[in-house]
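A closer look at the structure
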Amino acid sequence: MTTDGRRGWADAQRQDEARDWLVGRLAAAGRRVTGPVEARVRPWSLVWRVPTDAGPVWFKANNPGTVHEAGLLAVLAELAPDHLLAPIAVDAARGWSLLPDGGASLRELVGGQPDLDHWEHALTAYAALQRAVAQRVEGLLALGVPDHRPERLPALLSDLLDDWESLRIGADGGLSTETYDRLRAELPAYADRCRRLAEIGVPATIQHDDLHDGNIFATPAGDYRFFDWGDASVAHPFGTLLVTLRSIRYASEREPGGPALTRLRDAYLEPWTDAYDRATLVEAARLAVNVTTVSRALSWRRSLDTAGPARAEYAEAVPGWLAELLTPDEV
């Protein structure tokens, strides 16, 4: 898989290539551009909102660390068409995708405050998506989707601990030497938790790794479509709960492990009760939330794999998420 992302989006030739591509793909779909694009640039991607004669569309170009997203979108839309927007066009090699407008996000729909009824239904839909994809993980790995399955995580953590530049050891916003030493000492226990999680046997599948209410299109009738898959990996499905429950807890100022969050956890786990008892699923959820802090740190390291100066704004995310391994969330 190749990408020209290292040229950066200040490069006029690259912008012209992207415009030519999206204009051609829109023409093939019977649409035409009707005005200037609105751009949003982040270290991990460029997004253009493109006005057309049939409503706005969205062009996304991923940088090297998240280039797999474009090809992933096409596969997920095929496997779970009720839960994703079907791309208008995809160039997987360059990490480019063109999507129709999805309407309001769940956050916009409910006015910013988490709505537990909506979340309960959204998590059930997301679990259905994960179960539908579980038989195709080898194909996802072949696309370049990162492999964060539990049996792989201990080695990935060991490798990350050798990356002093990303962890910013001793620097402002980085890991202290004391925290770094504690993480080194934690490796054997972490490997044991990963081993136990793998032994439980819930199949690996796609794991969004940043599932909050800003990354879900929603309608009042309860139609949910999931987007922004640049952080995704093939992993234990329950790792999703790390970001999801934390985002709901922070937005609603709830206590960790309270009844509202337990209700959402159980709604998400319900589809797996056909094969596992509830106590085993709760154990797996607790383990997955803990080990997935490493996945989050790795996702951020990939996202910041760019020479752009904007990466400095987010540099604390890698050491910040890794340090969370030592203070697990209550699930």
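The present account deals with the structure reproduced in this document. (Residues numbered from 1 in each chain as written. Predicted model: local features only at pLDDT ≥ 70, side-chain atom pairs only at ≥ 80, totals over all residues. Heavy atoms only, no water.)

Overview of the pattern of salt bridges
Per the counting criterion, the structure on display carries 30 salt bridges. Across the salt bridge formed by Arg-94 and Asp-91, the nearest N and O atoms sit 2.9 Å from each other. On the basis of relative accessibility, which here comes to 26%, the residue Arg-94 falls in the partly exposed class. One connected set of salt bridges, linked through shared partners, spans Glu-138, Asp-147, Arg-149 and Arg-152. (Salt bridge = Lys/Arg side-chain N within 4 Å of Asp/Glu carboxyl O. Buried < 20%, exposed > 50% of the residue type's maximum accessible area, 1.4 Å probe, protein only.)

As for the nonpolar core
Of all hydrophobic cores here, the largest spans 82 residues; its most connected members are Leu-167, Ile-206, Phe-226, Trp-229, Phe-238, Tyr-268 and Leu-322. A total of 12 residues in this core trace back to one element, the largest contributor, which is helix α11 (residues 278-303). In contact with Phe-226, not counting residues within four places along its chain, are His-83, Leu-84, Ala-122, Ala-125, Tyr-126, Leu-129, Leu-211, Asn-215 and Ile-216. Counting residues in each nonpolar core, the second largest holds 14 residues, with Trp-9, Trp-21, Leu-22 and Leu-98 among its members. (Core = buried A, V, L, I, M, F, W, Y, C linked by side-chain atoms within 4.5 Å. Helix = DSSP H or I, 4+ residues; strand = E, 2+ residues; numbered from the N terminus. Contact = heavy atoms within 4.5 Å.)

Quick notes on the pairing of strand β3 (residues 57-62)
Among the 6 residues in β3, 5 count as buried, and that is most of the element. For strand β2 (residues 45-50) and β3, the ladder comprises 6 bridges, and the chain directions are antiparallel. Considered in β3, the bridge of Val-50 is made with Val-57. Where β2 folds back on β3, the antiparallel hairpin that results is connected by 6 residues, among which Gly-55 adopts a positive phi of roughly 100 degrees. Pairing geometry for β3 and strand β5 (residues 96-100), over 5 bridges, is antiparallel. Along β5, the bridge assignment pairs Val-57 with Pro-100. (Pairing = 2+ DSSP bridges.)

Digging into the pairing of β5
Here β5 lies mainly inside the structure; 5 of its 5 residues are buried. Residues Trp-96, Leu-98 and Pro-100 line one face of β5 and the alternating positions Ser-97 and Leu-99 line the opposite face, and both faces are buried. Of the strand pairs in this sheet, strand β4 (residues 89-91) and β5 are connected by 3 bridges, and their pairing is antiparallel. Bridge assignment links Asp-91 to a residue of β5, and that residue is Trp-96.

Details of the side chain of Asn-215
Mapped onto the elements of the fold, Asn-215 is located in the loop between β7 (205-207) and β8 (216-218). Judged by its relative accessible area of 4%, Asn-215 is buried. Excluding residues within four positions of it along the chain, Asn-215 makes contact with His-208, Asp-210, Arg-225, Phe-226, Phe-227 and Asp-228.

A word on the environment of Gly-258
Here Gly-258 shows up in the loop between α9 (240-252) and α10 (259-269). In this structure the C-alpha to C-alpha distance between Gly-258 and Gly-103, which are 155 residues apart in sequence, comes to 32 Å.

Quick look at the sheet that holds β7
Read from one edge of the open sheet, 3 strands run β6-β10-β7, paired in mixed fashion. Here the strands that pair on one side only, and so sit at the sheet edges, are β6 (147-148) and β7.

Overview of the environment of Val-110
With respect to the element layout, Val-110 can be found in the loop between α3 (106-109) and α4 (116-133). Taking the C-alpha atoms as reference points, Val-110 and Pro-220, separated by 110 residues in sequence, lie 9.0 Å from one another. If sequence neighbours within four positions are ignored, Val-110 has contacts with Asp-115 and His-118.

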